[in-house]
Amino acid sequence: MRFVFLLAALFCSSAFAEPPPNIIVFMADDMGAGDTSAYQDWAQNPDNAQLHTPAMDRLARMGVRFTDAHAPSSRCTATRYALLTGRYSWRTRLKHWVLFGVQGDPLIEKDRTTLPDFLREAGYQTGMVGKWHVGLSYRRTDGSVADAWDDADLTQPLADGPMDHGFDFFKGMSRSHGTSGPDGMKGNTPQQSIGPGWLVGRKVAGATGNGKQLDGSYQLNRVGNVLDEAAFEFLGKAAKSPEKPFFLYFASPSNHSPYTPSEEIGGIPIAGASRYVDGSPTNSVRHDFIYQNDVHLRRLVEWLESTDDPRRPGHKLVENTVFVFTSDNGAEKNDKHFTGPVRSNKGSVYEGGHRVAFIASWPLGGVGDGNPDTPGGTDESLVCHADLFATFAEILKKPLPPLEGEGRGAEDSFSMLAAWRGEGSAARTTFLPNDHQEASKKDSDKRAWIAIRTNSAPIPGKWKLLVDQHFAYERQANPKELYNLADDPMEKTNRLNDPDLKAVVDQLVEQAIAIGGDTGHSR
């Protein structure tokens, strides 16, 4: 009798279990935490100098806002690599800076499990729109893999791109929008070298067969419109499936320069429409371009709120969708209105280079309450983009990939789920961002500094140790600077030579060495 009862209980629990959530990860480009009014209190901006981002504010009230969130690097390629793989980029050949050139050899190995690979294996439909920037490769006319742009035939399908790393759907650009293709027909000749313009799946959409000339469809002030349409193309089809949840990675090019806001998206004015919190116009094309992200966000959330969930009849998609908003690094300009009360900006391992906005919402999963009329949650846990992999694995109750061999992945990923739900701190105790523009007056390998950041040192504080490029290249930790962010968020006082803090330095060096190595891992 007890056996029958247990079977019935198991049947009922599985029958009434909620389906796995849909997932949308929206990543802005070069957007500082001070660029959104959702972080106005943190940035300490007055109303007449704080860009108003009502959709981001609304998402923060619906969910949870993190104030100690970080990009895994202070530049975009390395952050995108870490988000997609759950692994620090300094473990790869890219020790600092970004992938350059019309090609940029693929940074993600073919046998590595990416986040979209993992989700697709778990039954998800996977889509991406926007900026890839982790490398791709082309084919020659005979179908063989091209050496580079010069011998590429753009009418041939890509040899390596987003579709080879877990995505079922892709429409976007190879890297920053200003260098991903000629603006319409400006400079668009058979010899042009800033393509390949729009990529759709494995296809160069604008290829004409006339050398490298494209069809002119890639227009900078229309990039937002194209990506918006592509996102809803994917979502519209994916949302009709009663069997499969969806994962959308929306990698916006806003607000990387050049600032090219759309006139409007979905009937919502953008160019010239950005406002400060006090209602006055910003008269800033940069702010307009950032506001474009807010419009994208507004449209996505409104769609979730108005669209029926085919896997939960009688409910809307917003209830069972994890929505994450963040940025790939700190603000591109060293301006306190954008970077907030921290030091430096994009390209630095000082806090302004990688401290970013991070907002998560999932009403059905207890991440916020989904109510835009409540204050929303705020959490001080140490989190970073590489942690999305492990967080989604915990949500799905799936094991992470192995640490070695084919199919390896997520070596530096820790679950944030407890912190998302307000049930405790995130699992991460140590974080190692990289790339430090202050280490050299010119771009060189000397910029490959690493910061070792922890909230669990032997002496209470939020400690951060900077080591030079020898760690990234040789795994030798040479301490250069030490800060306690708990009382020195501007990193003004280097305490490296304080004898009372030797235990802190020794522990952080020990942790870094343990984590390091070409085949090393954090977990």
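Structure: above.
Note that this is a predicted model, so its numbers are computed, not measured.

Trainee: Looking at this structure, I do not really get the overall build of the protein chain. What am I missing?
Mentor: Counting its regular elements, the protein chain contains 12 helices and 18 strands. Relative to a compact globule of 523 residues, whose C-alpha radius of gyration would be 24 Å, the protein chain shows 23 Å and is just as compact. Principal axes of the C-alpha set define a box for the protein chain whose edges measure 75 × 70 × 55 Å. Classification of the 523 residues of the protein chain by burial places 60% in the buried group.

Trainee: How should I be thinking about the packing of aromatic side chains in this particular structure?
Mentor: For the coordinates displayed, the defined rule picks out 18 aromatic pairs. With a centroid separation of 6.2 Å and an interplanar angle of 80°, the aromatic rings of Y350 and Y483 are classed as edge-to-face. Residue Y350 is found in the loop between α8 (336–339) and β12 (358–361), and its partner Y483 is found in strand β18 (residues 479–484); the two are separated by 133 residues along the sequence. By the burial criterion, Y350 is buried, and Y483 matches it.

Trainee: When you look at the sheet that holds strand β15 (residues 430–431) in this model, what are you seeing that I'm missing?
Mentor: Across a sheet, paired strands are connected by hydrogen bonds in the backbone, their directions being either parallel or antiparallel. With antiparallel pairing, 4 strands are arranged side by side in an open sheet as β15-β16-β17-β18. Each edge of the open sheet carries a strand with a single partner, namely β15 and β18. Judged from the 2 bridges that link them, β15 and strand β16 (residues 450–454) form a sheet pairing that is antiparallel. Following the sheet pairing, F431 is matched in β16 by R453.

Trainee: Could you clarify how one ought to interpret helix α3 (residues 54–62) in this entry?
Mentor: Because each turn of an α-helix spans 3.6 residues, side chains separated by three or four positions in sequence point in the same direction. Along α3, the positions that sit buried rather than exposed are A55, M56, D57, L59, A60 and M62. Residues of α3 that are buried make contact with β2 (64–66), α7 (285–306), β11 (321–327), β12 and β13 (377–379).

Trainee: Any chance you could explain the pairing of β11 here in plain terms?
Mentor: The side chains of a regular strand alternate, first on one face of the sheet and then on the other. Of all 7 residues in β11, 7 are buried, a share of seventy percent or more. Side chains T321, F323, F325 and S327 project from β11 onto one buried face, and the interleaved V322, V324 and T326 project onto a second face that is buried too. Relative to β12, β11 runs antiparallel, the two being bridged by 4 bridges. Along β12, the bridge assignment pairs T326 with F358.

Trainee: Help me understand unusual backbone geometry, please; the structure alone is not making it clear to me.
Mentor: Keep in mind that most residues, glycine aside, have a negative phi and that most peptide bonds are trans. Residues S254 and N255 are joined by a peptide bond in cis, for which omega reads 10°. Summarising the element assignment, N255 is placed in the loop between β8 (246–251) and β9 (264–265). That bond from S257 to P258 is cis: its omega, 0°, falls within 30 degrees of zero. With phi around 50°, N283 is a residue other than glycine that occupies positive phi space. Here N283 lies in the loop between β10 (268–269) and α7. Relative accessible area serves as the criterion here: at 74%, N283 is assigned to the exposed category.

Trainee: Where do I start with the pattern of salt bridges in this structure?
Mentor: If charged atoms from side chains of opposite charge come close, those side chains can pair. Going through the model one piece at a time under the given rule, you end up with 39 salt bridges. With its nearest N and O atoms 2.8 Å apart, the salt bridge here joins R80 to D328. Highlighted residues: R80 in helix α4 (residues 76–85) and D328 in the loop between β11 and α8, separated in sequence by 248 residues. D328 matches R80 in its accessibility class, with the two residues each being buried. Connected through salt bridges with shared partners, the residues D68, E351, R355, R453, K464 and E491 form a single ionic network.

Thresholds, definitions, all that
- Residues numbered from 1 in each chain as written.
- Predicted model: local features only at pLDDT ≥ 70, side-chain atom pairs only at ≥ 80, totals over all residues.
- Heavy atoms only, no water.
- Helix = DSSP H or I, 4+ residues; strand = E, 2+ residues; numbered from the N terminus.
- Rg over C-alpha atoms; globule rule 2.2 N^0.38 Å.
- Buried < 20%, exposed > 50% of the residue type's maximum accessible area, 1.4 Å probe, protein only.
- Phe/Tyr/Trp six-rings, centres within 6.5 Å; stacked < 30°, edge-to-face > 60°.
- Pairing = 2+ DSSP bridges.
- Contact = heavy atoms within 4.5 Å.
- Salt bridge = Lys/Arg side-chain N within 4 Å of Asp/Glu carboxyl O.

Any link to function would need more than the numbers given here.
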